[in-house]
Structure formats: structure tokens, C-alpha cells
Amino acid sequence: MSSESDSRQQKAARIRELMATEGDAVQTNTEGFNRGRYESVSRLGEYEELKTEARAIKEDAIERLPELVEELRETVEARGGHVYLAEDAADANRYVEEVVADRDAERVIKSKSMTSEEIEVNDALEARDVDVVETDLGEWVLQVADEAPSHLVAPAIHKSREGIAELFNEVFEPEEPLSSAQELTMFARDRLGELIADAEVGMTGANFITADSGTMMLVTSEGNARKTAVVPDTHVAVAGVEKIVPSVEDLDPFVELIGRSGTGQDITSYVSMLTPPVESPVVDFDRPDEPIDPDSADDREFHLVLIDNGRMAMRDDPELKETLYCIRCSACANTCANFQHVGGHAFGGETYTGGIATGWEAGVHGQDSAAEFNDLCTGCSRCVDACPVKIDIPWINVAVRDRINRGKDGELDWLVEGLTPDADPGGVDIQKRLFGNFETLAKLGSATAPVSNWMADIGPSRAIMERVFGVDSRRDLPEFQRETLVDWFEKRGGEAASTERARQARAARGDGNGGDLERRVVLYPDLYTNHVLVDRGKAAVRVLEALGVDVHVPPMPSSGRAPLSQGMIATARSKAEAVADAAAPHLLEDRDIVVIEPSDLAMFQGEYERLLPEKTATAIGENSYEILEYVFGLLENGADDGVLSGPAGDTDASVAYHSHCQQRTLGLEAHTVAVLDRLGYRVTTSDAECCGMAGSFGYKREYYDLAVDIGDDLCRQLEAADASQVLTSGTSCTEQVGSLGDDDPIHPIELIAPR
Amino acid sequence: MWPRLEIDSSEGIEVSDSAPQTSPIDRFCTRSRTVGVDVTRVPREDVSATLAELCEPPAVGAPLPWTDVSLPESATTMPTPAELEDARTGITAAVSGVADYGSVLIRSTPDGVEPVSLFPDRHVAVLCEDDVVPDMATAIGEQGEAFREEAASLIVATGPSATADMGELVTGAHGPKEVHVVLFGGEGR
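Quick summary incoming for the structure in this document.

Criteria and cut-off values
- Residues numbered from 1 in each chain as written.
- Chains lettered and ligands numbered in written order.
- Predicted model: local features only at pLDDT ≥ 70, side-chain atom pairs only at ≥ 80, totals over all residues.
- Heavy atoms only, no water.
- Helix = DSSP H or I, 4+ residues; strand = E, 2+ residues; numbered from the N terminus.
- Rg over C-alpha atoms; globule rule 2.2 N^0.38 Å.
- Buried < 20%, exposed > 50% of the residue type's maximum accessible area, 1.4 Å probe, protein only.
- Contact = heavy atoms within 4.5 Å.
- Lys, Arg positive; Asp, Glu negative; His and termini not counted.
- Charge placed at Lys NZ, Arg CZ, Asp CG, Glu CD.
- Areas by Shrake-Rupley, 256 points an atom, 1.4 Å probe, with all protein chains shown as cover.
- Polar contact = N/O pair within 3.5 Å; in protein donor to acceptor, adjacent residues only side chain to side chain.
- Expected span 1.5 Å × (residues − 1).
- Axes fitted to C-alpha atoms, helices over the stretch in contact; angles between N-to-C directions.
- Parallel < 35°, antiparallel > 145°, perpendicular 65-115°, else oblique.
- Nonpolar A, V, L, I, M, F, W, Y, C, P; charged D, E, K, R; others polar.
- Phe/Tyr/Trp six-rings, centres within 6.5 Å; stacked < 30°, edge-to-face > 60°.
- Lys NZ or Arg CZ within 6 Å of the ring centre and 35° of its normal.
- Pairing = 2+ DSSP bridges.
- Buried area = accessible area lost by both parts, 1.4 Å probe.
- Salt bridge = Lys/Arg side-chain N within 4 Å of Asp/Glu carboxyl O.

1. Comments concerning the overall build of chain A
Helix and strand counts for chain A come out as 38 helices and 17 strands. Computed over its C-alpha atoms, the radius of gyration of chain A comes to 29 Å, within 12% of the 27 Å expected for a compact globule of 755 residues. Seen through its C-alpha atoms, chain A measures out along the principal axes to roughly 95 × 60 × 50 Å. When burial is assessed residue by residue, chain A has 64% of its 755 residues classed as buried. Here the contacts in chain A between residues at least 6 apart in sequence split such that 76% fall between residues at least 24 apart. Both charge centroids of chain A, one from 71 positive and one from 141 negative side chains, sit 6 Å from each other.

Now the structure itself:
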């Protein structure tokens, strides 16, 4: 117990330290990339089509990988190049060492390659007294500083200009101290230019390699990859086997997507498409005064080292396979609120960083490396839209979390037994088990409220909760309502009374129109709406009835979101099955399912596809709607917006709205804004990707400071809007903004409910 | 259930400056300027004179493939490594231009197009209007056979060399600090 508690404290301390030392630089840069991505893809007419095309190419390539490896080998060898298929890092390094030794090379110059970081080829070569020089300016800074990359694309993203200047001035002692970015860049260019001139071997990675022509595509902006490939006579390219695509024509969608998705540039300065051995003459600085020789290209040597290192096994692993589609653009990191605030030194494993890193680390370095940072993915799902090959990154994180859970020994299960009737085996971390079984807590909480709320809040219980379960004592706990939404609905007459109210509302409209609008709804009583934020549920019922909709609020099981977010897939699946059983009779009665809590709607429309039989998942997904999406639909179909509450006067018209992360991923922020707009509100929306709370994340002792850092940014944005009301759609957002900000947010449905 | 109503959130955002009414050549010029490339449009007979104006010495060049279009005399072909290092200007041909991106495709050749376009501070790319294509898919598609049959190597170059690794954007990291395109009329003109 105390070791768990200690390790939480250590983790918290490490995160605080990184936020203080690297957070500012990481945040400025990733947010800049992220904004750039939104702008750049909005200018691209065929963005969705290109993503679909890119995805299809990758799916096909990974499916046919063994065949493509052979085709590529034949192509490259026919051109006089060499192909080596390395089983693992040691195997790859051994081959590279031999090539370098055969060339009698004293210096190898490199362009940026994450795969070369993965196999740690620099260390292997340096152990043989070979001078290895990184020529990408960011990588070179890290080499000088002896640090690891913190980002897939911009490895030194955590370093500020001031920090680099200090480093260079200390290490190189230039005559005039360096200070501006211009001075630092020119200094590095000159210095690296000399080192490049003397190198015998150039080593690159490859973003893509085409099997039909043996062409490798390298995406850069500096031009260092070009020099690395053209100056020395020997070129070694190291690439994971997953980089192979069938043909040159397949490169197009990736050329168009990779820069936009990563750094937010429509295209980077250079996209090299090299078919080695290249035709360019060698630039032999040992003979500086002899003209370049066209025939020297004939003497070029090319070695392609294709690396397995776990990839072929990932290909056979249904949960990790999708990782192989990754083009390492960094979009998932840049769009991730946690990553923006803490960077890749916390949100990363041995080599890879950001959301997709869980897949890569689990596949190439093993589960332990993934376990170090996997919890930093909160499942907010903002990366799902950002990923140019549509990888379900949150799912990979959940699937690996589930495996990590299963790999642990359960020590303290007796403590939560009874409270935690989950379907997952022993071994699940006690903190995860507590949060994963929130349904039981909520039921107990309401049944015994207000005593449960007093008990939870008194000092000794908070201390125990913090020590044993890792629930941070600075966090307000949810306040359970004695009367649940379901109870309230029953008390006011239940289904029959609602049918009557809806009929009256339709009759009052009096025009006989709106036949289409005789709709029947089951309002899903999600855990939070039912037990904690009951008012938003009541408002939803009133709005729907006023618009002539017949509502039913039956008791229903929880969606499974809570256990899923803890990586407890078996428990989540049994919840999903229970929801499906409970929903079936209502669906048969042609009721639409209307959902208030966006994270539950996201389950219905997303993860249920993985948890339930296809037909069942489709029936639930297709028939479920977010509450404001539903209101929008009613109004668009002729319902009378006059029954809803618009702004009372000019001063009340301004609202600041933070939509929920998963709601945005579903494309449903716009519906809320449209309804508010239609009723006359002036809406300012936040552009924070996530509130930072993310379900249980912000309650956890080890992540409390990070969650607060993210939440503070959001609150500042909302306060800057200077609106008369702050609105939030998700429970987490409501709690986060409510506790950190000056305002008490309400759900948009409460604002527009008839008064 | 009723049909799900979708709101296109990109509505109202101007979708690129690639309005269909403008020609690929006009778009190429506009886009090139956006990415920091100077484009000079000239009649074919004026190319050599324009190159001479843009050719700040010392200069290097790779022979141009068009009859009656020639490099300035001051541009050294088949340069030495020392000359490459010292050159202020490098002049090469471009095999195509991509209107959507303002990119030029530079094909590596035994006479050194790649180093000539890479080492000097100023790269001058010569492009024929006939070789401007509307989009990236067309540009790459046109080169498919060259890659497969001739083992071609190409650089899709868009604007000057750049880095943001030192804290803010700086042009001229390892490659050219400035790029000029001299775009001349095709056979039809």
C-alpha cells in the first residue's frame, strides 16, 4: 500500500518538475502546431477523402507486408543496392557496424530518424569509436545536451531558444556569445557543414518506401537529409518494415497529409523521393578542387536495413496492428491536452512519445515501457480526428491498459471487494478498480445522501482515500443527490404523464403541423445525471416535453465508460451488454435514445462496436443522439423554438461554451452552438482540446497538478469571454470549471429549458 | 429515427485560394509567393537574360535541358566541392511545378542538379509553363514511370530551407535561404 502511495507521489513530483522546466516550451510549440493543423486542413478540400485513401493504402500494405518486403528486396537489389532484414535492434546494429567498418568510416552523419533512436544505433557505433553526428538541428541540440527526444517530429521541442543559447555558449565558447535563433541556426549550419564534409557514411530513416521502384520518401525542412544522402558515397537507410507502401503513386496522400497533420504546414520545404543508389555525383570534400564526377554515382553504395523488432508480431496482434499504420506525424501528441502541458519526457516511453506511443512501445520495447506513461491517455479522443490514417489511438491505450492490469498481482482486493463487483480479474490497480466501479459508489452515495457526502468530506476519510486509493484530497468529491433523476421522473407521473404533457404541447401548437415530430424518446439516465447533476436531467425532460416529445426515463445500467477508462474491458463489456438488454425494448417501441453525458454517447457510438455484436452496436449507435443535437433536429423539423428560454435581456445574451472533448470528436459541438445562436445567445466557444479532468484523471493524486494546469488555461479562456453564463456539456468539464474557475457552469439544456 | 443532421463546421472558412476559375499557372505563382518564393514570368527568349540578372556570383549551375535557354556564363557547371561551398547562386531546371502547393520538382542528375540546388544560398529554378500541373497527385503520377523505369530521384521543394529548432523560424538551415523560380512560356506561346 505505501509503495503504491509512494510511487504516486514520485510520479506527481516528476510531472510537476517537467511542467516547470519544459512545460512552457512544449505548450507554446505543440499548440502552435495544433492550430496550424486546423488551419491547414481547412484549406484542403479533399481532407477526409485523402485520409480515407491513406488509411486504405496502409491497411493494404500491412496486409500484404511479407510479399511487399520481397518485392522491395528484388527492386533494390536489381538496382545494385543491398537489403538486410533485421530481426531486432542488435541484429540491425551489427549489420550497420559491418557496413561502416567495411567503408573504413570514421564519421557517420545522420538525418533525423526515430527508428534509429529505437535501435540506439548511435550508441552501437560510438562503442566502436565511430563519430556519429546528428545533422537535424533539433537532434544535434539534443546530442550536444545529451538528452532524449521529447517529440516525434520536433525532438527538441522542450528546449527554449534561451536554453539552447546557454548550452551552445557553454559547450562551444564562441568568440561572440550566441543569442538569436538566426545566430544559433547559422552557427549550427557552419559547424555541421564541416562535419558533413568529412563524413564517409550518411544514415537516414525513411518515411515511406515504395516496393515497386525502391523509392524512399523523406520529409524534412532543413535540407540535412538531402546532404546526408548526396555528400558521402555510402548511404544506409534504416526503416521499420511497416514503412513499405506498394507504389510510388501511393505517396500522394501522405505528401499532402503529413506536414499538415504534424507541424501544420501544407507541405514541408523538402519532400525527397530518392531511388538509391542515387544518380547524383558524390560531393567529395577530400578532393575539394576536383570537379564533381558524373561517373562517381556508379560507385555509390546503398544499404537498406529493414527492421522487424516486434513489428511482425504486432501485425498478428489484433489490438496493436493498427499502430503499424502510424506515419509518425505527431498530430496525436500536438492535439493532446496532457501532452501539451507535460511533453514527451513524461508522455512517452523508451523511444516514442504521445498517444500512439503506447502502441509502439508495447510492440517494440514491451509492455513495461508502455506502462510508464499509458495512464496519461485519458481517452478524450481528440487525436482520433487528428490522425491522418484514422487510428483509434484511445482504444490502443485502453487495450494495453487492460493488459497491464492483468499483468499485475492484486494485493489489496479485499479492500474494494463488495464495492467493486467488476468482471475483471484480480491485479487491477486498486485506484483503477475504485474509479472503474463508480456505478456502485454512485448508487450507494444517493441511497445514503446526504450522509455519504458528509462522510466522504471529513478529514480522516479523505486521508484514507488519498493514501489507499490515490484520490487527491484537494479535489471536491461529487455530491450525490438523494433523489435520482429516475425517482423524480417516476414521482411526477412517469411515462404516462410525459405522454400527456407532450400531447398537450403539440396541441397547444395548434396548427396540426409537426406530424413528423411525434417522437418518443428514452432519456438515458447516465450515472452523473442520475445521481449528481440531476438538474440537467430535469431540464432535458422539460425541454423535450415542451417540444412535444414523449419522454421515458427508465432505470438503466451505466454505459461502461468508467471501467473502460481504467482499462477494465471485461467489466465494460458486461455493462455494454446490460445496456443493450435494457435498451432493446425501447428501441423496439421506436424510441430514440437521447444522451446528456457526451462520454456515454461516445461509448454508444464508438466503443460499443468493439464490445458488442455488430448489429446490436449499430442499433444503439444509430438511434442515439446528444441532447442538443436532438433539440437541433426538432427545431430544424418545425418544432417551435418559442417555448424555449432565450436571453432575458441584452446583458444575458452572452454565453461562454466549452464543449466536451468526445462530443467534439463526434462532430456535435456545432449543434449546441446552432441552437443557442437560434435562440439569440451570443456564443463564445473555447478552443481548449480538453478540460483536463477527463473522468477520474483529475481526481488521481499523481495527475492532480497536471489536470489543474490544463483546467486553469481553460478557465482563463472562459473568463476572458466575459460572458454572463458559462456552459459546459460534460460532467468532468462542469466539475473542473466549477472548482477552478470563478463561474458555476451549467449545461446548455438548463439555460434553454422553459422557465 | 430520422436522418442524422450534420453541420459542416468548416462552413464559412474560405477553402483555399485555389478558386477553380484561376489557371494552374496563376495559382502556381500565387502559391509560390505565399511560401516565400519569388516567381518571375518571362517569355522564352528572355530567360537567359533574366537568369543573368538573378545570378549573383560566384555561381554554379547544372546544364538546362531546353534549346535556346542557357545558363549565364558566370555559372560554373560541373563545379568542384569548394565551388559548391562558396557559391552564392545555384541554377537548375525544375521538371514540374505544382499549382496547389507552389512546389517545384527537382530531379537529381549525374551533372549535379541536387548539390547545385542545395548548397548555395540562392536557388534559381527554371520552369516551363507546360510543366505546371494542378495538383500533387498529378505531379507524382507523371513521374511514376521515371521512378520505376529510370530509378529517378526527385525533390519536391517548396520554399527555402527552414528550421524552427532554435526557438523560432529561420530560413536557410542546411539549404538555400532564398528561392527564385523563372517561369517561361511554353511552346504554345
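2. Observations concerning the overall build of chain B
Counting its secondary structure elements, chain B contains five helices and 12 strands. Taking all 189 residues of chain B together, the buried fraction comes to 57%. Contacts in chain B between residues at least 24 apart in sequence constitute 70% of all its contacts with a sequence separation of at least 6. Carbon and sulfur atoms make up 49% of the accessible area of chain B, which totals about 7,600 Å².

3. Digging into the side chain of N122(A)
All names here are of chain A. The topology assignment puts N122 in helix α7 (residues 121-126). For N122, a relative accessible area of 14% translates into the label buried. One polar contact links N122 to K110, side chain to side chain, over a distance of 2.7 Å. Ignoring any residue separated from it by four or fewer positions in sequence, one finds N122 in contact with K110, V132, E134 and Q143.

4. So, helix α26 (residues 494-509) of chain A
Residues three or four positions apart in an α-helix share a direction because the helix packs 3.6 residues into each turn. Residue and element names in this part refer to chain A. The end-to-end C-alpha distance of α26, which contains 16 residues, comes to 23 Å, matching closely the 22 Å that a straight helix rising 1.5 Å per residue would cover. Looking at α26, one finds that the buried residues are G494, A497, S498, A502, A505, R506 and R509. Buried residues along α26 sit in contact with α25 (485-491), α28 (534-546) and β12 (550-552).

5. Thoughts on the environment of R8(A)
Positionally, R8(A) belongs in helix α1 (residues 2-21). Between the C-alpha atoms of R8(A) and R43(A), which are 35 residues apart in sequence, the distance is 44 Å.

6. Comments concerning the packing of helix α31 (residues 598-611) of chain A against helix α32 (residues 614-622) of chain A
Angle between the axes and distance between the axes are the two parameters that describe a pair of packed helices. Residue and element names in this part refer to chain A. Relative orientation of the contacting elements α31 and α32 amounts to 175 degrees, with a least axis distance of 8 Å. It follows from the interaxial angle that α31 and α32 lie roughly antiparallel. Taken together, the residues of α32 that come into contact with α31 (itself represented by F604, Q605, Y608 and E609) are A617, I620 and G621. For the contact of α31 with α32, the class distribution of residues is four nonpolar, two polar and one charged.

7. Notes on the packing of aromatic side chains
Residues and elements named next belong to chain A. Under the defined criterion, the tally for this structure stands at 19 aromatic pairs over all chains. Taken together, a centroid distance of 5.2 Å and an interplanar angle of 65 degrees make the contact between Y625 and Y630 edge-to-face. The exposure class of Y625 is buried, given its relative accessible area of 2%. A relative accessible area of 0% means that Y630 is categorised as buried. Pairing F697 with Y703 gives two aromatic rings, centres 4.6 Å apart and planes at 10 degrees, and the pair type is stacked. Under the relative-accessibility criterion, F697 is labelled buried at 4%. Taken together, W140, F168, F172 and F187 form an aromatic cluster joined through their ring pairs. Note that R226 overlies the ring of Y270, its terminal NZ or CZ placed 4.6 Å from the centroid.

8. Re the sheet that holds strand β7 (residues 122-128) of chain B
As a general point, the strands of a sheet are linked pairwise by backbone hydrogen bonds and lie either parallel or antiparallel. All names here are of chain B. Spatially, six strands are ordered β1-β12-β7-β4-β2-β3 in an open sheet, and the strand pairing comes out parallel. Of all strands in the sheet, those bounded by a partner on one side alone are β1 (37-42) and β3 (75-77). Direction aside, neighbouring strands of the sheet carry axes that sit 25 degrees apart on average. Here six bridges tie β1 to strand β12 (residues 178-184), and the two strands are oriented parallel to one another.

9. Brief notes about the interface of chain B and chain A
Accessible area lost upon the coming together of the parts is a frequently used measure of interface size. Counting residues at the interface gives 65 residues for chain B, matched by 84 residues for chain A. Buried surface at the junction of chain B and chain A, both sides included, amounts to about 6,200 Å², of which 60% is carbon and sulfur. The interface formed by chain B and chain A holds seven salt bridges in total. In this structure, D121(B) and R189(A) form a salt bridge, with 3.7 Å as the shortest nitrogen-oxygen distance. Linking chain B with chain A are 30 residue pairs in polar contact (both at pLDDT 80 or more). Put simply, the parts of the chain that give the side of chain B that touches chain A at least two residues each are α3 (81-86), β6 (103-107), α4 (113-118), α5 (136-150), β9 (154-157), β10 (162-163) and β11 (170-171) of chain B. Looking at the side of chain B that touches chain A, the element that brings in the most residues is α5(B), giving eight residues. Among the residues forming the side of chain B that touches chain A, the class breakdown is 32 nonpolar, 19 polar and 14 charged.

10. So, the pairing of β9(B)
Along β9(B), one buried face is formed by L154(B) and V156(B) and the opposite face, lined by I155(B) and A157(B), is buried too. Across four bridges, strand β9 (residues 270-274) of chain A lies against β9(B) in antiparallel orientation. Along β9(B), the bridge assignment pairs Y270(A) with A157(B). As judged from the four bridges shared by β6(B) and β9(B), these two strands associate in the antiparallel manner. Residue pairing across strands places I106(B) opposite I155(B), the latter belonging to β9(B).

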